[in-house]
Amino acid sequence: MQAEKEEEEASPEEYVALCDFTASGSEQLGFSTGDKLLVHAKPSADWWWAELQGVIGYVPASYLRQDAAGEEDDTSLEDPWQDDEYFGSYGTLRLHLEMLSDRSRTETYRQVIVSNSASLRNKVVMDLGCGTGIISLFCAQLAQPSVVYAVEASSMAEHTRQLVKQNGCEEMVTVLQGRAEELELPEQADILVSEWMGNCLLFEFMVESVLLARDRWLRDGGVMWPSSAALTLVPCQADSYYSEKMAFWERPYGLDFTPLLPLAQQEFFTKPKFSHLIDPKDCLSAPCDVICLNMYTVQVRDLEEMEGEFKFCVVKPGVFHGFTAWFTVQFESLEAGGATVELDTGPNSDPTHWKQTLFMLDKPIHVYSGDSILGNIVLRRNPVWRRHMTVTLHWNINSSSDNCQVGTKSFPMWR
Ligand SMILES: NC(=[NH2+])NCCC[C@H]1O[C@@H](n2cnc3c(N)ncnc32)[C@H](O)[C@@H]1O
């Protein structure tokens, strides 16, 4: 057998630590923000072999950033919340127009206010991330709370003040500009209402601000709107998307472009597809709630890694191209026994601006009625870029007509 050629070690590359890492196990190497590490090997995408001051061990690759030779500029460690970009985007009308144009979303919040208007009388409401103030204006227009604190961190807040005045609500609605978890509210709130949901429920992680505000400003026995949330998943076909992005390369204009298939897979199927509209007929089984949040008890630390199991029973033969995810949120009634209002962003409800999120497998798999797809989903928050996460799916197909197929894939959203 030909002797294994000793792999010459390339010269180590210098990386800088973007945040602290505490080693768990003797094989790992702990470090602090700003440390300069020498990376000797990259045995996997997630864990590298690195050295710090003569000590060597495994380090999480996502905590490091390639350090241009000798760059001393530590201020280049960007804000992990990317607040300038994030709140900058909400300082313009584009996103607010998209959200306000989403009738399903906006009417649901109005429905919540209308169906609880009597109980809202004389209550203190905090509207976290009020944007243009639509929810606060609904409260003032459709109910008689004693006060609504409309909290908005972006520069939109000054326009929101104008809208409150323009609609004669300045007696009841007070606009406060600032991050909800940092500013001082004049008093505790009876109700904390917010529209915080991002793609795949958690992207943007605005939910962290809601939980911090809950712990600081919601009085004991106060109400969270939404009260609960669920991430829902279903195995699905995605024929047209697959044809458009992948099959296209087989015979464009009679030519063979198949050498580009690996590139296409890398470029189009590595990240999830936001704003996917799944046709209910493309669902290969009944959907399953894989992660459920109780907004009264979930803790910020729980958001680091959220895991859910699933078991799908395939109800019809088809091609398993991937998984589609969406979310629902529930608003409990202020009155005991009152009806819960739900916003469902799934394929059997009116479409919303979130639409659904499609996770494409690398290779489509034929499945048949009676097959089962078991596995789990793990949402791992990005330790550096705090509004981002990686979604990892593990699946195991038990099929009578084929041997069992096992697979796993991680999808960064986005970093
Ligand atoms: N459903 C979402 N994904 N986004 C819709 C709500 C986002 C609104 O909340 C504001 N916002 C987001 N986080 C915060 C915060 N911590 N404090 C105050 N306003 C905020 C943001 O500027 C925007 O106007």
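The coordinates are above.
Structure report, in brief. Treat the numbers as computed from the prediction; the structure is a model and nothing was measured. (Residues numbered from 1 in each chain as written. Predicted model: local features only at pLDDT ≥ 70, side-chain atom pairs only at ≥ 80, totals over all residues. Heavy atoms only, no water.)

Not every one of the 20 residues close to the ligand is listed here, only the nearest: Glu152, Ala180, Glu195, Met197 and Glu204. A total of 530 Å² of accessible area belongs to the ligand in isolation, and the protein chains cover 98% of it. Cavity membership is defined here by more than half of the atoms lying within 2 Å of grid points; on that basis the ligand lies in the largest pocket. Counting residues per element, the ones that place at least two in the shell around the ligand are α1 (83–89), α2 (93–101) and α7 (206–217). A breakdown of the residues in the shell around the ligand according to their chemical character gives nine nonpolar, six polar and five charged. (Near = heavy atom within 4 Å. Areas by Shrake-Rupley, 256 points an atom, 1.4 Å probe, with all protein chains shown as cover. 1 Å grid on protein atoms, 1.4 Å probe; cavity = no way out; pocket = protein on both sides within 12 Å on 5 of 7 lines; lining within 4 Å. Sits in = over half its atoms within 2 Å of the grid points. Helix = DSSP H or I, 4+ residues; strand = E, 2+ residues; numbered from the N terminus. Nonpolar A, V, L, I, M, F, W, Y, C, P; charged D, E, K, R; others polar.)

Attention now moves to a nonpolar patch on the surface. Together, Phe248, Tyr253, Leu255, Phe257, Leu260 and Leu263 make up an exposed nonpolar region whose accessible area comes to about 660 Å². Secondary-structure assignment places Leu263 in helix α9 (residues 261–269). Taking relative accessible area as the criterion, Leu263 reaches 56% and is therefore assigned exposed. (Patch = residues over 30% accessible without salt bridge, like charges linked within 9 Å, V, L, I, M, F, W, Y side chains within 5 Å. Salt bridge = Lys/Arg side-chain N within 4 Å of Asp/Glu carboxyl O. Buried < 20%, exposed > 50% of the residue type's maximum accessible area, 1.4 Å probe, protein only.)

Note that the residue after Trp225, namely Pro226, is joined by a cis bond; omega there is -5°. Counting through the fold element by element, Pro226 comes out in the loop between β10 (218–225) and β11 (228–236). Backbone torsion omega between Met413 and Trp414 reads -10°, so that peptide bond is classified as cis. With respect to the helices and strands, the residue Trp414 is situated in the segment after β20 (402–413). Unusually for a residue other than glycine, Cys200 sits at a positive phi of about 60°. By secondary structure assignment, the location of Cys200 is in the loop between β9 (189–194) and α7. The class for Cys200 is buried, based on a relative accessible area of 3%.

Let us now look at the pairing of strand β3 (residues 47–52). Every second residue of β3 is oriented toward a common face, the buried set being Trp48, Ala50 and Leu52 and the non-buried set Trp47, Trp49 and Glu51. As defined by bridge partners, strand β2 (residues 36–41) adjoins β3 across three bridges and the pair is classed as antiparallel. Across the sheet, residue Val39 finds its bridge partner in β3, namely Ala50. Hairpin connection, β2 to β3: the antiparallel pair is bridged by five residues. Where β3 lies against strand β4 (residues 55–60), six bridges are found, and the strand directions are antiparallel. Following the sheet pairing, Leu52 is matched in β4 by Val55. Taking the residues that link successive antiparallel strands as the turn, the β3-β4 hairpin has two residues, and the phi of Gln53 there is positive, at about 45°. (Pairing = 2+ DSSP bridges.)

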